[in-house]
Amino acid sequence: METIVPVSGGKVRGVTDTAISTFLGIPYAAAPVGPARFDLPRPVPEWDGVRDALSYGPTCAQSPYPAPIHALIGSDGLPGDEYLNLNVWTPDVGGSGLPVLVWIHGGAFTRGSNARTMYDGSTFARDGVVVVSINYRLGISGFAAVPGAPLNRGLRDQIFALQWVRDNIAAFGGDPDNVTIFGESAGGMSVVNLIAAPPARGLFRRAIVQSGNGSAVATAEDAAKVAENLAGTLGIEPTVAAFGELGPDRLRTAQDAVALELMTDPDPQRWGPSIISNGMGLLSFFPVIDGELIEDRPVDVLARSAECAVPLLIGWTAEEFRFFTFPTGIAAAVTADTLGPVLARYGVDPAVADVYAAQRPQATPADIFAAVITDVVFRDDSLRIAELNAAAGAPTHVYEFGWRSGVPDLGACHVLEVPFVFDKLAEAEPLTGPNPPQPLADEIHRAWVHFATHGDPGWEPFDEQRRVRIFDHPTSATVADPRAEELRALRASGRRSAT
């Protein structure tokens with residue numbers, strides 16, 4: 001059955017099936033094409049009649065993931081100009097007061113889409129929550145420091161989408177005063193940035209950070225160096241007009257070229273120390289300190305600005321970095337001889353490896369590397385954010401996803417919790433392996449529903465006991481300060497930071 005709803009710009013036609021109404025590809029901002037690709041988001045032009053919202057909308061220009069990662073999670077890429085779009089799933093389009101979840105996808109700020117079937121929000125709508133999933137500008141379009149263009153356009157898009165939610169979600173039965181933002185990886189980092197960003201204040205009540213980080217921002221000076229290198233690679237002048245003439249194919253090619261150069265030649269003099277250190281070798285275009293939206297590293301903003309605190313659910317997977325090291329073949333290069341130098345490249349005292357090895361007597365050097373860098377990139381910052389948020393008086397809950405994939409060598413890796421959160425295990429067998437535990441998906445999905453509804457995911461909050469919910473199968477448990485000695489060693493080592 002078709003369902004028509006009025007929104008900013010006009011009316012949209014969705015479909016209602018088994019009491020869930022779905023609206024796909026609704027534009028929330030004008031198409032960013034030509035030089036406008038590098039402008040702030042603008043209101044969507046009004047349309048006549050009723051616009052179909054029956055299929056996913058376009059995505060920002062991006063290349064497929066490298067083959068080993070593509071095999072695990074696939075890739076994204078739907079062509080078209082109107083890629084500033086969003087999807088809505090609701091259990092009651094004629095209702096009111098329903099809790100709202102807004103999903104911000106990951107993809108290292110250069111890839112990703114709201115069109116993944118793994119992100120289908122119908123499972124949350126089934127359980128009484130309105131879900132919105134958004135696209136935003138990525139890579140060069142969203143984060144390159146193009147001279148004369150505003151910085152952090154991708155984050156500005158996210159805020160513009162949240163304003164759309166504030167103004168329109170009641171038409172779908174949602175409560176604009178009960179919005180929870182949630183995201184994973186770059187999406188989780190985006191959530192942390194939005195918590196710390198003054199222009200985003202008041203647009204959401206709660207936040208969920210999955211595998212995020214509060215340090216992955218670049219200085220404006222260093223981001224400008226990347227843009228200069230980018231212009232040189234493209235053979236253009238570093239101006240908005242010159243960049244605005246680029247089509248999607250050239251953007252994709254240039255993004256890939258810069259990412260490869262950063263990995264093969266991580267010279268801080270060439271790229272800037274914050275690009276190399278805070279990007280951890282994984283990010284090439286990412287949020288920039290602009291003094292307005294991003295005043296500093298988010299973790300530092302939260303340390304001095306208690307008013308930023310919101311009810312928070314934050315966590316990581318126990319073995320995040322195996323996703324980046326084992327499928328890609330990097331693990332084979334980490335030996336007893338190379339482990340120390342590789343850790344030092346990440347700003348970690350090689351002696352820290354001994355503490356991790358003592359807790360893992362059967363671990364290989366590659367296992368130790370993945371464990372340490374998991375904590376460097378994800379766990380340490382997540383716990384710092386939890387500490388600061390709880391100290392500011394906001395309810396804070398922390399989790400760790402510990403279930404290990406059935407795919408050899410992946411372990412409890414990056415991205416693995418996402419199909420459990422969305423209760424979409426059938427969409428993720430290449431990542432989970434066969435027969436992932438449905439009871440664990442039931443438990444995690446229920447926790448996210450409860451948090452979005454009333455702020456309590458179902459376990460004790462994070463306080464001086466430092467309680468963490470360990471999600472696993474057949475049994476989950478709430479544990480006080482797990483693997484504390486490893487984190488103490490990591491923090492005592494004085495891990496370097498560029499900003």
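For clarity, every value in this text was computed on a predicted model and none was experimentally measured.

Points about the environment of Arg126
Mapping Arg126 onto the fold places it in helix α2 (residues 122–126). Since its relative accessible area comes to 46%, Arg126 is described here as partly exposed. The contact partners of Arg126, leaving out residues within four places of it in the chain, are Ile20, Asp423 and His445. Among the polar contacts made by the side chain of Arg126, one reaches the side chain of Asp127 at a distance of 3.0 Å.

Comments concerning the environment of Ala196
Looking at the secondary structure, you find Ala196 in helix α5 (residues 186–196). In this structure Ala196 comes out as buried when scored by relative accessible area, which is 6%. Spatially, the C-alpha atom of Ala196 lies 5.8 Å from that of Cys308, the residues being 112 residues apart in sequence. Once residues within four sequence positions are removed from consideration, Ala196 is found in contact with Arg201, Pro298, Val301, Leu302 and Cys308.

Some thoughts on helix α6 (residues 220–234)
If you check α6, its first and last C-alpha atoms are 21 Å apart, about what 15 residues at 1.5 Å a residue would give, namely 21 Å. Here the buried face of α6 lies against α3 (139–143), α7 (240–244), α8 (248–264), α9 (268–271) and α10 (273–278). Count one or two residues on from α6 and you reach Gly235, which has phi positive near 70°.

A closer look at the domain arrangement of the protein chain
Its domain assignment divides the protein chain into domain 1 (2–218), domain 2 (219–288) and domain 3 (311–493). Computed over C-alpha atoms, the centres of domain 1 and domain 3 are 26 Å apart. Contact residues are listed per partner, giving 35 residues for domain 1 and 39 residues for domain 3. In total, domain 1 and domain 3 occlude about 3100 Å² of area from one another, counting both sides; carbon and sulfur atoms represent 63% of this. Three residues, Leu72, Met118 and Arg206, lead the burial of domain 1 against domain 3; their summed loss comes to 22% of the area buried on that side. Applying the counting criterion to the domain 1 and domain 3 interface returns two salt bridges. Across the pair Lys424 and Asp120 runs a salt bridge, and its minimum N-O distance is 3.9 Å. Only α1 (67–73), β6 (98–104), α2, β8 (174–184), α5 and β9 (206–210) provide two or more residues apiece to the side of domain 1 that touches domain 3.

Side note on the side chain of His445
With respect to the helices and strands, the residue His445 is situated in helix α18 (residues 438–454). A polar contact is formed between the side chain of His445 and the backbone oxygen of Thr123, at a distance of 3.4 Å. Residues contacting His445, with those up to four places away along its chain left out, are Thr123, Phe124, Arg126, Asp127, Phe420, Val421, Phe422 and Asp423.

What counts, and at which threshold
- Residues numbered from 1 in each chain as written.
- Predicted model: local features only at pLDDT ≥ 70, side-chain atom pairs only at ≥ 80, totals over all residues.
- Heavy atoms only, no water.
- Helix = DSSP H or I, 4+ residues; strand = E, 2+ residues; numbered from the N terminus.
- Buried < 20%, exposed > 50% of the residue type's maximum accessible area, 1.4 Å probe, protein only.
- Contact = heavy atoms within 4.5 Å.
- Polar contact = N/O pair within 3.5 Å; in protein donor to acceptor, adjacent residues only side chain to side chain.
- Expected span 1.5 Å × (residues − 1).
- Domains from an automatic or database assignment.
- Buried area = accessible area lost by both parts, 1.4 Å probe.
- Salt bridge = Lys/Arg side-chain N within 4 Å of Asp/Glu carboxyl O.

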